[in-house]
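# Summary of structural features
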Amino acid sequence: MKMQWKLPNRVIIQGINKADAAHYTAAMKACGTQVVAVISTGNGGEEVEGIPVFDLVEEAIAKIGKIDATLICASPYRVLDAAREAIAAAIKFVVILTPGIPPLDMVSLQQKAKVNDILILGAGSKGILVPEQICLGALKPQFYRSGNIALISSGEYLACEVALELNLADMGQSIVVHLGNEAILGSTYQQWLSILKEDKNTEAIVLIGQPDYYQEQAAVYYMEAEINKPVIAYLAGLYTPRERDFLDATTIIANQLSYSVSSVNTDKRALAALKKAGIEVAKRPSEIPPLLQTILTLKY
Amino acid sequence: MDLLEYQAKELFRQVGIPTLPFQTIYTPRELKRLQIPYPVVLKSQVRVGGRGKAGGIRFVANTIDAIAAARNIFNLSILGEYPEVVLAEARYDAEQEFFLAIVLDYQLQSPVLLGSVQGGMNVDSLLDNLQQVVVDGEFSSFYARRLTVKMGLSGDLIQSVSTVIEKMYRLFQAKDLDLIEINPLGVSAQGELMALDGKITANELALARHLDIIALTTKDNHLSPQEKAATQIDLSPTIETEQWLDWQDRKGKIAIICNSRDLAVITWDLLCQGKGKPACCVLIDDSRYSCEDAFVSLQEQLAKVLQEIDQRAEIKVVLVNILAEEKVNFTIAQTIIELYQLGEKQIDTTTGEERNLVANGAKSRSHRQVNNQSNSRPKQIPSVKIVMRLLEREIDSLPEDIPENLLYWTDNLEEAVQKAISFGKSR
């Protein structure tokens, strides 16, 4: 999949109450992101922080023109509908902040996104952030510095810890993408690798997350697609008890029938896949800056 | 949530998947009023598997046998689970037994249809013959037919089995299921189909919008009103509260306090890598830090957590790792320092005069603490040592001179982890 991607400028927020809307828009405005409308059913015609409120996405577009991205904050059972409304209004980038979406709603949304060439981030994402430029969602800008290392992370605070180490080594970030850690995600490492390999502000990419199937996928993609930017990974959770695995159908059935837990070791599989793809894995956050320095020196 | 067999079968009936006549039995005596003609099968209604081999399924030919068998089943635990209900069902002579299932494949991010012509209890041959079809778009009957052909079916069975799969899919989609399974699907000599056993797992996230499933799983199963209330889905917004993670190591020495699961994971990893011994991990909730009462909540959460940690004698060190707004950091630092001094106050042996001095301010309080420590009265040394990782390097209004061997404060995670490990090793 190849995505046309540019940083969104004109953003709306869907499915939000007024208090939260005020909080989000103020925080986003502070880091330079323009929220051009808020969509809140029954509150059309009002204003929040000087931003117009509409009942429908299409009304907002008719009034204020084209929109690049939407942030969806609706309650879990209303997210699918809100996303469909955005897609029907030709919005190409949908960020779902709400966590806990029923998986079949996400499956349905994925199918729609694929057909319409829509990029979905989340569910349960805190959004994306370009330090000192753009804050789309709820990532905390105070932890990040501007630079040329891209972070793609399934954990918000995992990204923070990595950024803090990078900042100490004077290596800022070109973009921080929080994928979320729901069972079914609109976009994963793979989509963002394909986007960021074209990003001229990004020199190297760090994949951050708890070991799961998505890293295996990313590793395979990294080998197939020609990404001529260094990619490294940091996996957290190799020592913690495993709490959930998102498995394939046959394994689910086999586990279920034999009444035993599968012996599939997701950690080992993710590590092996990354190794095979030549993606170095940092053992701890403080290893990331020297690892990147070595790789970047080798390259240039 | 796993449904019991009879609950799954009620859903099967709703969409027209053929099931045998059945009756639910709560006490063996109810068998005297059984509506189903003998011979019948009595089946223990438990969620765990392997009930057939464990003796949870009995064939009976008359009421006397049935009552005796039912008594047995009610008293038979299957992997620790006793049935509350026994299902009485007509017998069925199947010539063949198939396996059918639909699950959500998380890696493909699509529902998958599965089928095997070797259904029943022999798992190995079932899996050897397992076929699958990925539903990678909007469902249509051809996906079901594709599966039946892959399974090797022919003639009328293609359509009849496909129809059962379609109905299963309808339930899967409409009720937000993680899994729906018929095993076995009995096939009679005449080619008639019958769902002889079934399993349904409903997705927890979607449960609140399926009131019928909630009703089905809570109705007339002899729960007390309190138990019923406990099974109600709570839709009210949750108040913030601490959450103990399910990670426990009784041999561990270090308790971890974080404000997110990410930080818990990373801290636990780093401790293990450094050969430290984490014991347990608790998350405190600071998500509503912008609200006015949030600080009280943080204080309460911390007090409760530290008290619980205090009761575990094996814990030597508390490692606090928080990434938050400045005011949250401040509240946490202040609360921990105060709590820790409170603990000392309870065994305060100072004179009234000294107490008056203490009342002059926090700084003099902590001075006193240093003095007490140098007097080496062991009772006054807190039972745990604290390592605090907060991004603020200093917070003005807090005492500066707390001895480093009681409370170590840094803004660097890996340094904090090292310190916690060395504290854990020292006596």
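Please read these numbers as outputs of a predicted model, since none were measured by experiment.

## Here we look at the interface of chain A and chain B
Each side of the interface is counted separately: chain A has 40 residues, and chain B has 43 residues. Elements supplying a minimum of two residues to the side of chain A that touches chain B: α3 (76–88), α4 (103–116), α5 (156–168) and α8 (249–258) of chain A. Its residues placed into classes, the side of chain A that touches chain B shows 24 nonpolar, eleven polar and five charged.

## Examining the pairing of strand β2 (residues 40–44) of chain B
Consecutive side chains along a regular strand alternate between the two faces of the sheet. Residue and element names in this part refer to chain B. Counting buried positions along β2 yields four of five residues, so the element is predominantly enclosed. Two elements, β2 and strand β4 (residues 86–90), share five bridges in a ladder whose sense is antiparallel. If you follow V41 over to β4, its bridge partner there is E89.

## Some remarks on the nonpolar core
Of all hydrophobic cores here, the largest spans 209 residues; its most connected members are I72 and L151 of chain A. If near-sequence neighbours (up to four positions away) are discounted, I72 of chain A is found in contact with Q14, G15, V79, A82, A83, V94, V95, I96, L97 and T98 of chain A.

## Some remarks on helix α14 (residues 413–425) of chain B
Taking 1.5 Å per residue, 13 residues should reach 18 Å; α14 of chain B reaches 19 Å between its end C-alpha atoms and fits that length. Elements in contact with the buried residues of α14 of chain B: α5 of chain A together with β12 (254–258), α9 (261–273), β14 (317–321), β15 (385–389) and β16 (407–410) of chain B.

## Digging into the sheet that holds strand β12 (residues 204–209) of chain A
Residues and elements named next belong to chain A. The strand order β9-β8-β11-β10-β12-β13-β14 describes an open sheet built from seven strands, whose pairing is mixed. Both edges of this open sheet fall to β9 (134–137) and β14 (280–282), since each of them pairs with a single strand only. If you compare each strand with its neighbour and ignore which way they point, the axes differ by 20° on average. Direction of pairing for strand β8 (residues 127–130) relative to β9: antiparallel, over a ladder of four bridges. Its bridge partner lying in β9, V130 is registered against I134.

## A short note on the pairing of β4 of chain B
Residues and elements named next belong to chain B. Within β4, four of the five residues are buried, which leaves it mostly tucked inside the rest of the structure. Relative to β4, strand β1 (residues 22–25) is paired through four bridges, and the arrangement is antiparallel. For Q23, the partnering residue across the bridge sits in β4 and is A88.

## Details of unusual backbone geometry
Each neighbour pair has its own omega, and for G122 of chain A with A123 of chain A the value is 15°, a cis peptide bond. At the junction of N183 of chain B and P184 of chain B, the peptide bond is cis and its omega measures out at 5° in the coordinates. For P184 of chain B, the position within the fold is in strand β8 (residues 177–187). With a phi close to 65°, D170 of chain A is a non-glycine residue in the positive phi region. With respect to the helices and strands, the residue D170 of chain A is situated in the loop between α5 and β11 (173–178).

## Quick notes on the domain arrangement of chain A
All names here are of chain A. Domains assigned within chain A are domain 1 (7–125) and domain 2 (144–300). The gap between the C-alpha centroids of domain 1 and domain 2 is 27 Å. Taken residue by residue, the interface counts 15 residues in domain 1 and eleven residues in domain 2. Elements that contribute at least two residues to the side of domain 1 that touches domain 2 include exactly α4 and β7 (119–121). Take the side of domain 1 that touches domain 2: its biggest share by element is five residues, from α4. When the residues that make up the side of domain 1 that touches domain 2 are grouped by side-chain class, the tally is eleven nonpolar, four polar and no charged.

What counts, and at which threshold
Residues numbered from 1 in each chain as written. Chains lettered and ligands numbered in written order. Predicted model: local features only at pLDDT ≥ 70, side-chain atom pairs only at ≥ 80, totals over all residues. Contact = placed C-beta atoms within 7 Å. Helix = DSSP H or I, 4+ residues; strand = E, 2+ residues; numbered from the N terminus. Nonpolar A, V, L, I, M, F, W, Y, C, P; charged D, E, K, R; others polar. Buried ≥ 20, exposed ≤ 12 C-beta atoms within 10 Å, placed from the backbone. Pairing = 2+ DSSP bridges. Core = buried A, V, L, I, M, F, W, Y, C linked by C-beta atoms within 7 Å. Expected span 1.5 Å × (residues − 1). Axes fitted to C-alpha atoms, helices over the stretch in contact; angles between N-to-C directions. Domains from an automatic or database assignment.

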